[in-house]
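Here is what each chain is made of, one letter per residue.
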Amino acid sequence: MKVLLAMSGGVDSSMCVKLLKDAGHEVQGCYMQLHDKPNYHEKNIKNVKMVGEFFGIKTHILDLREQFKKEIYDLFVDSYKAGITPNPCAHCNRLIKFGALWEFGQSLGCERIATGHYARIENGLLKSAKDTSKDQSYFLSNVAATMLPRIIFPLGEWLKTDVKKLAASHPEIANLATQNESSEICFVENSYIDVLDKHFNTLMPGIVKDSSGKAIGTHEGYARYTIGQRKGFRVDGAHEAHFVKSIDSANNEIIVSKRDELACYSFSTANFNNFTDKNEFDCFVKIRYRSTPLECSICQNERGGVNVELKSPAFGVAKGQLACFYDENERVLASGFIA
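Note that the coordinates shown come from a computational prediction; the quantities given were computed from them, not determined experimentally.

Trainee: Give a detailed account of the overall build of the protein chain, specifying residues and quantitative values.
Mentor: A tally of helices and strands in the protein chain yields 7 helices and 19 strands. The C-alpha atoms of the protein chain give 22 Å as radius of gyration, which agrees with the globular expectation for 339 residues (20 Å, within 12%). Taken along the three principal axes of its C-alpha coordinates, the protein chain extends 65 × 45 × 35 Å. Partitioning the intrachain contacts of the protein chain with sequence separation of at least 6 by distance along the chain shows that 63% fall at a separation of at least 24. Surface accessibility of the protein chain: about 16,100 Å² in total, with carbon and sulfur atoms responsible for 48%.

Listed below in structure tokens is the structure:
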């Protein structure tokens with residue numbers, strides 16, 4: 001089978017070349033240029049070409065910077081400007097990695113697309129990876145359901161430590177096993193604030209209010225805060241920790257509360273990316289990548305999203321973040337961006 005592999009220059013996607021070839025696939029690799037971050041692409045492209053030559057596969061460089069800026073980067077900036085906490089990786093996986101890249105693969109005559117994500121596909125559903133410490137099913141849950149039959153995740157049953165050992169066993173590319181890896185947003189160098197400051201002034205001192213609307217302190221600028229954050233602002237006379245409960249971007253205000261006021265038993269999503277044939281079911285939900293799955297019931301609403309009722313409270317539910325719905329076997333049933 002002819003497969004297009006997304007290659008980043010890192011150890012994970014590089015070892016996927018070997019795994020796919022060992023499985024009998026005809027493999028081509030592709031590195032995507034997504035942004036203009038200085039000194040980012042050169043080393044990665046060098047690695048991709050090195051791995052391609054070592055394993056004897058053709059590699060491509062695909063310039064997607066214009067589409068990435070329009071659909072991912074600008075959304076990132078505009079979301080923070082509106083007081084919303086975005087999830088750019090979830091959007092990128094749907095629109096770029098399993099969107100634009102798949103279209104490129106089709107132009108090459110490829111039948112499948114593969115990536116170095118740690119995730120599995122089981123019985124037609126996305127499932128968490130064997131290596132739970134590296135699992136990326138949450139970020140993949142916004143991918144279109146129609147794409148799942150076309151995707152291969154070679155690392156789904158692998159542990160990261162074993163992937164590094166595999167790379168180290170090949171002296172010609174062993175350096176991949178020890179190079180530094182980034183788990184941050186690809187276009188962010190140090191802090192997301194540095195990115196935002198290129199587009200608007202985030203340093204705008206403003207008022208901190210409590211849930212009743214009373215002014216109780218000051219902050220440095222609303223875009224510098226996310227829901228659930230407990231530092232970086234001042235609350236006059238406070239003896240207990242306070243957390244950001246909501247953000248009023250129009251008035252440059254943040255509303256804070258003690259932790260118990262953050263408890264949320266219900267919320268809705270703006271969309272319903274459904275991998276099943278049901279529009280309501282009981283399941284587990286994660287509201288952030290590393291959050292603990294919570295039991296819930298969901299039902300599709302008339303606005304195209306779902307209403308979520310939680311059996312136990314969630315803390316720090318933030319607009320713009322992805323809610324990922326799992327079954328008891330860690331298979332992804334659906335997802336939606338929190339509204």
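Trainee: Quick one: what's the story with the sheet that holds strand β3 (residues 58–63), residue by residue and with numbers?
Mentor: The 5 strands lie next to each other as β3-β2-β1-β4-β7, forming an open sheet whose pairing is parallel. Each of the sheet's edge strands pairs with one partner strand only, and the pair in question is β3 and β7 (151–152). Looking at chain direction, strand β2 (residues 26–33) and β3 are connected through 6 bridges and run parallel. Residue pairing across strands places Tyr31 opposite Ile61, the latter belonging to β3. Sitting on the sheet, helix α2 (residues 41–55) touches β2 and β3, and the angle it makes with β2 is about 175 degrees.

Trainee: Please give an account of the pairing of strand β6 (residues 125–128) that cites residues and values.
Mentor: Residues Leu125 and Lys127 of β6 are buried on one face, and the alternating residues Leu126 and Ser128, pointing to the opposite face, are buried as well. Taken together, the 4 bridges between strand β5 (residues 119–122) and β6 define a ladder with antiparallel strand orientation. Paired with Arg120 across the bridge in β6 is Lys127. Hairpin remark: β5 followed by β6, antiparallel, with 2 residues in the connecting loop; positive phi at Asn123, about 50 degrees.

Trainee: Help me get a handle on the side chain of Asn301, residues and values and all.
Mentor: Mapped onto the secondary structure, Asn301 falls in the loop between β16 (294–300) and β17 (306–315). You can call Asn301 buried: its relative accessible area is 8%. Among the polar contacts listed, one links the side chain of Asn301 to the backbone nitrogen of Gly304, at a separation of 3.3 Å.

Trainee: Requested: an account of the environment of Ala114, with residues and values cited.
Mentor: Secondary-structure assignment places Ala114 in strand β4 (residues 112–114). For Ala114, a relative accessible area of 0% puts it in the buried group. The sequence separation of Ala114 and His219 amounts to 105 residues, and the corresponding C-alpha distance is 45 Å. If we skip the residues at most four places from it in the chain, Ala114 touches Val3, Leu4, Leu5, Ala6, Leu20, Ile152 and Pro154.

Trainee: For the pattern of salt bridges, give the residues involved together with the corresponding values.
Mentor: Taken as a whole and judged by the stated rule, the model has 16 salt bridges. In this structure, Arg303 engages Glu302 in a salt bridge whose closest nitrogen and oxygen atoms are separated by 3.2 Å. Judged by relative accessible area, which is 53%, Arg303 ranks as exposed. A relative accessible area of 70% means that Glu302 is categorised as exposed. Three or more residues joined by partner-sharing salt bridges are found here, namely Glu122, Lys127, Asp327 and Arg331.

Trainee: Break down the sheet that holds β17 for me, with residues and values.
Mentor: Read from one edge to the other, the open sheet built from 7 strands follows the order β13-β17-β16-β15-β18-β19-β14, with strand pairing classed as antiparallel. Strands with a single pairing partner mark the edges of an open sheet, and in this sheet they are β13 (263–268) and β14 (273–274). The sheet contact formed by β13 and β17 spans 5 bridges and is antiparallel. Across the sheet, the residue bridging to Ser266 is Glu309, located in β17.

Trainee: Describe the packing of helix α1 (residues 11–22) against helix α6 (residues 160–168), and please don't skip the residues or the numbers.
Mentor: The N-to-C vectors of α1 and α6 enclose an angle of 70 degrees; their axes lie 10 Å apart at closest approach. Judged on the interaxial angle alone, α6 and α1 are roughly perpendicular. Here α1 runs over α6; the crossing is left-handed. Here Val11, Asp12, Met15, Lys18 and Leu19 of α1 lie close against α6, whose contacting residues are Lys160, Val163, Lys164, Leu166 and Ala167.

Each value, and the rule that gives it
Sequence order as written defines the numbering, with residues in each chain counted from 1. It should be noted that, the model being predicted, local features are given only for residues of pLDDT at least 70 and side-chain atom pairs only at 80 or more, the latter also being counted only at that level, while totals for whole chains, interfaces and linings use all residues. Hydrogens are left out, water is left out, and the side-chain values use all remaining heavy atoms of the structure. Secondary structure elements follow DSSP: runs of H or I no shorter than four residues count as helices, runs of E no shorter than two count as strands, and numbering proceeds from the N terminus. For the radius of gyration, the atom set is restricted to C-alpha positions; the globular benchmark scales as 2.2 Å times the number of residues to the power 0.38. Note on contacts: a residue pair is in contact if any heavy atoms of the two residues lie within 4.5 Å. Surface accessibility in these figures is a Shrake-Rupley result with a 1.4 Å probe; residues are shielded only by whichever protein chains are displayed. A pair of strands is labelled paired if DSSP reports no fewer than 2 bridges between them. The convention used is that axes are lines fitted to C-alpha atoms, helices contributing only their stretch in contact, and that angles between N-to-C directions extend from 0 to 180 degrees. Only protein chains enter the calculation, and the probe is 1.4 Å; a residue is then buried if its accessible area is under 20% of its type maximum, exposed if over 50%, and partly exposed in between. N or O atoms within 3.5 Å of each other form a polar contact, as long as, within protein, one can give a hydrogen and the other can take it, and as long as residues adjacent in sequence are counted only when both atoms are side-chain atoms. Note on definitions: salt bridges are taken to be side-chain nitrogens of Lys or Arg within 4 Å of carboxyl oxygens of Asp or Glu. Roughly parallel here means an angle under 35 degrees, roughly antiparallel means over 145, roughly perpendicular means 65 to 115, and every remaining angle is called oblique. In this scheme the handedness of a crossing depends on how the near helix is turned from the far one: anticlockwise by less than a right angle means left-handed, clockwise means right-handed.

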